[in-house]
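The primary structure of each chain is shown beneath.
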Amino acid sequence: MSDFARQQGDFQRGILSGDDTVLAEILDSPKEKRETLFGVYRYAYGSRLVEAMRNDHELLHAYLGDEMFDEMGHAYVKARPSEHPNLRWFSQALPEFLKSTAPYSDHPVLSDLAALERALNDAFDGKDGPVVTLAGMAGFAPEAWADLRFKPHPTAGRLDVSTNASAIWMALKNDGTPPDALLLEEPSRLLIWRQDTTPVFRELAAEEAMMWDEAANEIPFGVLCTMLATYDDPDGAAARGAGYLHGWVTAGLLTDASTGG
Amino acid sequence: MNVASRLPNSSAAALADRPMEQAKPPFLGFGLGLRHQHYDEILAGNPPIDWFEVISENYMLPGGQPLRVLDQICERYPVVMHGVSLSIASTAPPNFDYLQALKALARRVEPKWVSDHLCWTGVHGKNLHDLLPIPYTEEALDHVVSRVQLVQDFLGRAIVLENVSTYVQFNNSEMTEWEFLAELSRRSGCWLLFDVNNVYVSAFNHGYDPHTFLNGIPRDRVVQFHMAGHSHMGTHIIDTHDHPVCEDVWDLYVAALKRFGRVSTMIERDDNIPPLAELLVEVSRTREIADGLLAPGPHAG
């Protein structure tokens, strides 16, 4: 290993783990000791990353408050050093960290809230794609509908949460007092996507969530309606399926509908 | 990606000086760093700014609003790309995924030039997201020259490198920072972004005269000035970019204009972002000072 490479390794270790080896190769300045000067880099490292987390998780920050968020943030920085050159992706592992690390894992709403914010962030700058319109759908002959297969917009994704994180998110977003955190009897099924440039989400009923998940697996519309018939009134299944589909198209949730493949 | 297959065939090839010979980028006038807080105002009002510098990483994204705004800005203004994660001085293997994404963005933006910093941001697979200092040694110079050559070959253009603010100096340095920058530019053909504030900050922190730095930089290699604010801690200065430009830095700007002539200049504000109008006053001041000292109009030097 070159001397330059060794020195960079020592410098990095000095920042990440507080090791002082590199100080032997650093000069005091005319007005300040090397420990203080090197400390500028040590301090900047943690504070810059926690600041990035605050930007990505504005509502989790509002929920926890400055002190608790920063304590959690520094714990995350220590546990998951950045491995990506773009700061944009630094907090991607936060939901998993909160789910698996005490004391945060004792409060599953934290992980759910972080997961919802991550999903919205991902929708915000996710891949662009065409959007299926009602006019486009009207172009399909009635007999073709049973074979129609759909592709979700690239920004559309599903998230199941076990807590009332979405109600807490909504209250915080509107500067209101969030409700007490609750574990739900059954998971809340969320659909997240980008409408024009704005990331949005809504909660799905079990039936619509099933249809969305199967549609995303390219199950044709006719089969989707047959599946809906097992959920509720079989006679109304096709109408319910058409209703869900109409909602998806008007919300810009689909990027393609075709009878091919 | 197989990194080794993308490297030059031999270490000798890597170390040979192959300065990229490319025409000096044009004088763009007086610009501003594009920040999302000002998107709506800029797109609604087309403020009188000659050009924008954009942070490359802010747009190295799959899609959405940031890239849509960037496309609109590019239709109306000349744009320069400025990165923070090239890590040109890192001894870690080059990150070709990053370079590929940078190249793709440059294809979309068609910037007047692509810049980053003379620094490193991490080794051993980690990224510290900071502009970390290097020792000014022959070994480091050889390494950085070869990396600049590699990046320039990959991007198909000469890059522009900026002097960073530093808080420490290494006891094994064999030359000054300005000697290092001058040699780097001569040997690799890269251009220089002279950050006036960073020179002021580093000079204070390390106890030298900023004019000595200024006079050590070759007159013909500087294509851009950065002007920014900082935080004074008494015994040292931290480059925070969260304040207006201070009077000492304005004075150093005058000296820089006298040495380098008309150079594309911009106000760089990264934190505590004020209303656009406040920054436009600083942009106007960069223009007025230059016009007062030098004949207005485009100039190659």
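The rules behind these values
- Residues numbered from 1 in each chain as written.
- Chains lettered and ligands numbered in written order.
- Predicted model: local features only at pLDDT ≥ 70, side-chain atom pairs only at ≥ 80, totals over all residues.
- Contact = placed C-beta atoms within 7 Å.
- Helix = DSSP H or I, 4+ residues; strand = E, 2+ residues; numbered from the N terminus.
- Nonpolar A, V, L, I, M, F, W, Y, C, P; charged D, E, K, R; others polar.
- Axes fitted to C-alpha atoms, helices over the stretch in contact; angles between N-to-C directions.
- Parallel < 35°, antiparallel > 145°, perpendicular 65-115°, else oblique.
- Pairing = 2+ DSSP bridges.
- Buried ≥ 20, exposed ≤ 12 C-beta atoms within 10 Å, placed from the backbone.
- Right-handed = clockwise from strand over helix to strand, strands pointing away.

Q: When you look at the interface of chain B and chain A in this model, what are you seeing that I'm missing?
A: Many authors give the size of an interface as the accessible area that is lost as the parts come together. Across the contact, 42 residues belong to chain B and 41 residues belong to chain A. Where the side of chain B that touches chain A is concerned, the elements lending two or more residues are α4 (65-76), α6 (138-155) and α8 (196-206) of chain B. In terms of residue class, the side of chain B that touches chain A is built from 15 nonpolar, 22 polar and 5 charged.

Q: Hey, could you run me through the packing of helix α3 (residues 58-79) of chain A against helix α7 (residues 165-173) of chain A in this one?
A: Packed helix pairs are characterised by how far apart their axes lie and by the angle those axes make with each other. Residues and elements named next belong to chain A. Axis separation between α3 and α7 bottoms out at 10 Å; the angle between their running directions is 85°. It follows that α3 is roughly perpendicular to α7 by the angle criterion. Residues L59, A62 and Y63 of α3 touch α7, and the partners they reach there are I168, W169, L172 and K173. Considered class by class, the residues forming the contact of α3 with α7 number 6 nonpolar, no polar and 1 charged.

Q: How do you make sense of the sheet that holds strand β4 (residues 198-204) of chain A when you look at a structure like this?
A: In sheet architecture, strand pairing relies on hydrogen bonds along the backbone and comes in two forms, parallel and antiparallel. Residues and elements named next belong to chain A. Reading across the sheet, the 3 strands line up as β2-β3-β4 and stay open at both edges, with antiparallel pairing between neighbours. This sheet does not close on itself; its edge strands, each paired only once, are β2 (157-163) and β4. Taking the axes of each pair of neighbouring strands and ignoring which way they run, one obtains an average angle of 30° across the sheet. Helix α5 (residues 108-124) contacts β2, β3 (183-195) and β4 of the sheet and is inclined by roughly 165° relative to β2. α7 rests against β2, β3 and β4 of the sheet, and its axis sits at about 100° to β2.

Q: Just checking my understanding: could you explain the pairing of strand β4 (residues 114-117) of chain B for this structure?
A: Two faces make up the sheet, and in a regular strand the side chains alternate between them. All names here are of chain B. Judged by which residues are buried, β4 turns out to be covered on both faces: V114 and D116 on one side and S115 and H117 on the other are all buried. Both strand β3 (residues 79-82) and β4 contribute to a ladder of 2 bridges, which runs parallel. If you follow M81 over to β4, its bridge partner there is V114. Considered for its hand, the β-α-β crossover made up of β3, helix α5 (residues 96-109) and β4 is right-handed. Direction of pairing for β4 relative to strand β5 (residues 160-162): parallel, over a ladder of 3 bridges. In the sheet register, D116 faces β5, and the bridge partner there is L161. Handedness of the β4-α6-β5 crossover: right-handed.

Q: I'm lost on the environment of G122 of chain B in this one. Help?
A: Relative to the helices and strands, G122 of chain B is located in the loop between β4 and α6. On the neighbour-count criterion, G122 of chain B (24 C-beta atoms within 10 Å) is buried. Setting aside residues no more than four positions away along its own chain, G122 of chain B makes contact with Q12 of chain A together with S87, S90, A92, N127 and L128 of chain B.

Q: Teacher, can you tell me more about the environment of L87 of chain A here?
A: Relative to the elements of secondary structure, L87 of chain A occurs in the loop between α3 and α4 (94-100). Owing to 21 C-beta atoms within 10 Å, L87 of chain A belongs among the buried residues under this scheme. In the structure, L87 of chain A is positioned 171 residues away from S258 of chain A in sequence and 38 Å away in space, judged by C-alpha atoms. Apart from the residues lying within four places of it in its own chain, the contact partners of L87 of chain A are A52 of chain A together with E57 and H129 of chain B.

Q: Would you mind showing me how to read the pairing of β3 of chain B here?
A: The alternating pattern of β3 of chain B places V79 and M81 of chain B and V80 and H82 of chain B on opposite faces, both of which are buried. This β-α-β element, strand β2 (residues 52-55) of chain B to α4 of chain B to β3 of chain B, shows right-handed connectivity.

Q: Would you mind going over the sheet that holds β4 of chain B with me for this structure?
A: All names here are of chain B. Strand order in this closed barrel of 8 strands is β1-β2-β3-β4-β5-β6-β7-β10, and the pairing throughout is parallel. Between one strand axis and the next, the sheet turns through 30° on average, direction left out of account. In this structure, strand β1 (residues 30-33) lies alongside β2, joined through 2 bridges in parallel fashion. Its bridge partner lying in β2, G33 is registered against E53. Against the sheet, helix α11 (residues 276-293) touches β1, β7 (222-227) and β10 (264-267), its axis set at about 150° to β10.

Q: It is not clear to me how unusual backbone geometry should be interpreted in this structure. Could you clarify?
A: Excluding glycine, residues mostly carry a negative phi; peptide bonds, for their part, are mostly trans. Omega for the peptide link from A102 of chain A to P103 of chain A comes to 5°, which places this bond in the cis form. With phi around 45°, N46 of chain B is a residue other than glycine that occupies positive phi space. Tracing the sequence through the fold places N46 of chain B in the loop between α3 (39-45) and β2. The exposure class of N46 of chain B is exposed, given the 10 C-beta atoms found within 10 Å. Its identity is not glycine, yet N272 of chain B carries a phi of approximately 50°, on the positive side. Here N272 of chain B is to be found in the loop between β10 and α11.

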